[in-house]
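Summary of structural features
The lines below spell out each chain.
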Amino acid sequence: MAQTGITIEDLHLSFGDTDVLRGVDLDIRPGEFFAFLGPSGSGKSTLLRAIAGFGPRPRGRILIGGREVLDLAPWARNVGMVFQSYALWPHMSVRDNVAFGLRERRVPARQIRDRVDAALDLVGLGHLDERMPNQLSGGQQQRIALARTIVVEPEVLLLDEPLSNLDASLRVQMRRELLGLQRKLGLTTIFVTHDQEEANTTSDRMAVLDGGVIQQIGTPQELYDQPANLFVAGFLGTANIFEGRIETDGDGVRFHTRTGEVLTLPEAGGEGANLVLRPQNISMTLAPREGGLRGEVLHREFLGSQIRYLVRAAGTEIVVDQSHSAGRDWFETGAQVHLVVNTASAVVL
Ligand SMILES: Nc1ncnc2c1ncn2[C@@H]1O[C@H](COP(=O)(O)OP(=O)(O)OP(=O)(O)O)[C@@H](O)[C@H]1O
Ligand SMILES: [Mg+2]
């Protein structure tokens, strides 16, 4: 199958005088599973719809497979979009729902039958072809919506929170199926979600959006380990942010906390006055430790595999996760502790 990349250059879009996309640049590789991740209102759906050809005309450029598409109608762009609501036709059977796009394209009847059969088999629902949508579970409806989109053989698959109406365990199952299907078809896919776990587990790369601006693009691991700014750090998992001061001299790099304690860093690794540390990269002891920080346990939560502590240290409240195993003692609320920081994993922003 031919694979199609997507290029977006300096895209701006406004609703009235509200700027919703403010200069988006993006290169999505052929065959890539790409996620748009960001909080509600950050512009994810607007950007996806602009690629599909819905909504106000943006300024800038969108190229699909090297072809400029801003002046093309949605149907001429050869993209398939699955909307969050599924939007199945309630009065049509599963087969007719899936066949709809092919009939509109005046595909001969025998071909329609074969292609619908193939699309239903692909999503594992060939045996339900005579059912009506209201006789299907949410997960089955979602798969029919997908079958209906891929049956017209789009070059690009655009998915707007396609799993958001499913319960937690079905979501996990469906996201694996979706990824398997995407790999099998080799379809360039954009997946919109505000769920970081969903983006992490499915995407080859992702873009984090906030306020209509892409904050960072990279693999899930790159974004988690090397966030470009405090927004990305805080949006992808829990981040502890220590405010302070960086000092570099002949002896190396040191971070001075607001309370006057000093952490030695392996390298500067960035400019700024904030040290960002993940909860699992801090460990706690009761005995004093050289180069550690003093803290007081304010609260603790048992999470099963981990115990999550809220600790006051370095003039702020931080989260520390300690892995849990049976029989291991917990730190009590109110305990005076010493924190040992894995400075190799720290990011300065
Ligand atoms: N038709 C519209 N008219 C005016 N403003 C709109 C319209 N559609 C969206 N917006 C605004 O554009 C901004 C981005 O909306 P968008 O739907 O792209 O966000 P989103 O990131 O998809 O959020 P969510 O996670 O809630 O779906 C929001 O502030 C929203 O209020
Ligand atoms: Mg949306």
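Because the structure is a prediction, the values reported are computed rather than measured. (Residues numbered from 1 in each chain as written. Chains lettered and ligands numbered in written order. Predicted model: local features only at pLDDT ≥ 70, side-chain atom pairs only at ≥ 80, totals over all residues. Heavy atoms only, no water.)

**Considerations on the site of ligand 1**
- Neighbouring ligand 1 are the residues Phe15, Val20, Pro39, Ser40, Gly41, Ser42, Gly43, Lys44, Ser45, Thr46 and Glu161.
- Note that an oxygen atom of ligand 1 is positioned 2.9 Å from one of the side-chain N or O atoms of Ser45.
- No other element matches the three residues that helix α1 (residues 44–52) contributes to the shell around ligand 1.
- A per-class count over the shell around ligand 1 returns three nonpolar, six polar and two charged. (Near = heavy atom within 4 Å. Polar contact = N/O pair within 3.5 Å; in protein donor to acceptor, adjacent residues only side chain to side chain. Helix = DSSP H or I, 4+ residues; strand = E, 2+ residues; numbered from the N terminus. Nonpolar A, V, L, I, M, F, W, Y, C, P; charged D, E, K, R; others polar.)

**A few points about the sheet that holds strand β16 (residues 293–302)**
- Spatial strand order, β15-β19-β16-β17-β18: five strands in an open sheet with antiparallel pairing. Edge positions in the sheet fall to β15 (282–285) and β18 (316–323), since each of these pairs with one other strand and no more. Here the strands of the sheet are splayed against their neighbours by 45° on average, with no regard to which way each runs.
- Pairing between β16 and strand β17 (residues 306–313): seven bridges, direction antiparallel. Following the sheet pairing, Val297 is matched in β17 by Val311. (Pairing = 2+ DSSP bridges. Axes fitted to C-alpha atoms, helices over the stretch in contact; angles between N-to-C directions.)

**Observations concerning the pattern of salt bridges**
- A full pass over the atoms with the stated rule returns 21 salt bridges.
- Between Arg95 and Asp129 there is a salt bridge, with the nearest N and O atoms lying 2.9 Å from each other. Of this pair, Arg95 sits in helix α2 (residues 94–104) while Asp129 sits in the loop between α3 (109–122) and α4 (138–150); the two residues are 34 residues apart in sequence, bridging distant segments of the chain. (Salt bridge = Lys/Arg side-chain N within 4 Å of Asp/Glu carboxyl O.)

**Description of the domain arrangement of the chain**
- The domain architecture assigned to the chain consists of domain 1 (6–234) and domain 2 (238–348).
- Taking only C-alpha atoms into account, the centre of domain 1 sits 40 Å from that of domain 2.
- Taken residue by residue, the interface counts six residues in domain 1 and seven residues in domain 2.
- For the pair domain 1 and domain 2, the summed buried surface comes to about 630 Å²; carbon and sulfur atoms form 56% of the total.
- For domain 1, the biggest contributors to the area lost against domain 2 are Tyr224, Leu230 and Ala233; these three give 72% of the whole.
- Counting the contacts that link domain 1 with domain 2 gives zero salt bridges.
- Across the domain 1-domain 2 interface, the total number found is three residue pairs in polar contact (both at pLDDT 80 or more).
- Those elements that place two or more of their residues in the side of domain 1 that touches domain 2 are α7 (220–225) and α8 (230–235). (Domains from an automatic or database assignment. Contact = heavy atoms within 4.5 Å. Buried area = accessible area lost by both parts, 1.4 Å probe.)

**Some words on the pairing of strand β8 (residues 188–193)**
- A large share of β8 lies buried, amounting to six of its six residues.
- Burial along β8 is two-sided: Thr188, Ile190 and Val192 facing one way and Thr189, Phe191 and Thr193 facing the other are all buried.
- Where strand β3 (residues 33–37) lies against β8, five bridges are found, and the strand directions are parallel. The residue bridging Phe34 from the neighbouring strand is Ile190, located in β8.
- Pairing of strand β7 (residues 156–160) with β8, which is carried by five bridges, proceeds in the parallel orientation. The residue bridging Leu159 from the neighbouring strand is Phe191, located in β8. (Buried < 20%, exposed > 50% of the residue type's maximum accessible area, 1.4 Å probe, protein only.)

**Some details on α1**
- By the criterion of burial, α1 is predominantly enclosed, with seven of the nine residues buried.
- What α1 keeps buried is the set Lys44, Thr46, Leu47, Leu48, Ala50, Ile51 and Ala52.
- Of the residues flanking the end of α1, it is Gly53, one or two places downstream, whose phi is positive at about 100°.

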